[in-house]
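Chain by chain, the residues:
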Amino acid sequence: MAITVEEIQAILTLKDSMSAPLAQAEKNLGGFSTTTVAVGSAIGNLVADGVMRLVSSLGDAVGAVGDAGIKLTDLSAKTGISTTALQEMQYAAGQSGVSLDQVTNAITMMGRRLAGDNDSAAKALQTLGLSFNDVRAMAPEQAFYTITDAVRGVEDPMLQAQLMTDLFGRSGTNLLPVINDAAGGFAEMAAKARELGIIMSEETVAAADSLGDTWDVFKMQGLALMGQVLEPIIPILGYVAN
């Protein structure tokens, strides 16, 4: 369970409020009474546990963001699709139980067929009323949105399946649940994702991709923070340990 800001403030306040009384007790008694040692140990454990929970929660969040950045960057390099468009597609596909990998695999196949002047793909585009040359000149994501929007307008399910196969290969039919979703096809759902504010910027994705290289620094900073928090009661902890 993640520690809250209020819990952190309470821990630090308790530490600060107890440091002076513990120091005075040591001076007056010429050492530590059993009660003083017990209280100091409890405070130390409480502070240490709070900081460790904070670091753990931060680690989980950083790991998730870093993994997302790495995957998006790799897929972008593989497909030529921007990381922004990949996130939009992921959202759209996820609404119908389709994975982003299924989408990118289909787009990769689309690119090969268009680049190779595939006859079946050319005929499919003609059936959809689209220009082969125009679609081929588009960015991968724009070509994908243009084609899937056109397929959405086809009323015959069997013709839809044939067109998707001709343009995206055998895996193309896996995308039909998204294309025919009542909430809208890929392009419409992508726009909704932008409206919801759930798309990371290209800069954020790039930073997340390199986050793994800097995470060690964050962990070291977390340990340094723990040392600063525990500094006033380190003598108590040392006494208990001995």
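For the structure itself, look to the data block above.
The structure displayed is predicted, hence computed values, not measured ones.

Conventions we followed
Residues numbered from 1 in each chain as written. Predicted model: local features only at pLDDT ≥ 70, side-chain atom pairs only at ≥ 80, totals over all residues. Heavy atoms only, no water. Salt bridge = Lys/Arg side-chain N within 4 Å of Asp/Glu carboxyl O. Helix = DSSP H or I, 4+ residues; strand = E, 2+ residues; numbered from the N terminus. Buried < 20%, exposed > 50% of the residue type's maximum accessible area, 1.4 Å probe, protein only. Expected span 1.5 Å × (residues − 1). Arc of directions from axis to C-beta. Contact = heavy atoms within 4.5 Å.

(A) Layout of the pattern of salt bridges. Scanning the entire structure with this criterion turns up two salt bridges. In this structure, Glu88 and Arg194 form a salt bridge, with 2.8 Å as the shortest nitrogen-oxygen distance. Of the two residues, Glu88 is situated in helix H3 (residues 83–94) and Arg194 in helix H10 (residues 186–196); the sequence distance between them amounts to 106 residues. Looking at Glu88, the relative accessible area reads 5%, which means it is buried. One salt bridge in this structure joins Arg136 and Asp117, with 2.7 Å as the shortest N-O distance. Here Arg136 is found in helix H6 (residues 132–136), whereas its partner Asp117 is found in the loop between helix H4 (100–115) and helix H5 (119–127), with 19 residues between them in sequence. For Asp117, a relative accessible area of 45% corresponds to the partly exposed category.

(B) Fine view of the environment of Asp119. Positionally, Asp119 belongs in helix H5. Residue Asp119 is classed as exposed on the basis of its relative accessible area of 58%. Along the chain, Asp119 and Leu167 lie 48 residues apart, while their C-alpha atoms are 10.0 Å from each other.

(C) Highlighting helix H8 (residues 157–168). Between the first and last C-alpha of H8 there are 16 Å, a value that for twelve residues agrees with the 16 Å anticipated at 1.5 Å per step. Restricting attention to buried positions, one finds in H8 the residues Gln160, Leu163, Met164, Asp166, Leu167 and Phe168. The arc that holds every buried residue of H8, seen down its axis, measures 165°, which confines them to one face. Looking at the packing, one finds that the buried side of H8 touches H4, H5, helix H7 (140–152) and helix H9 (176–179).

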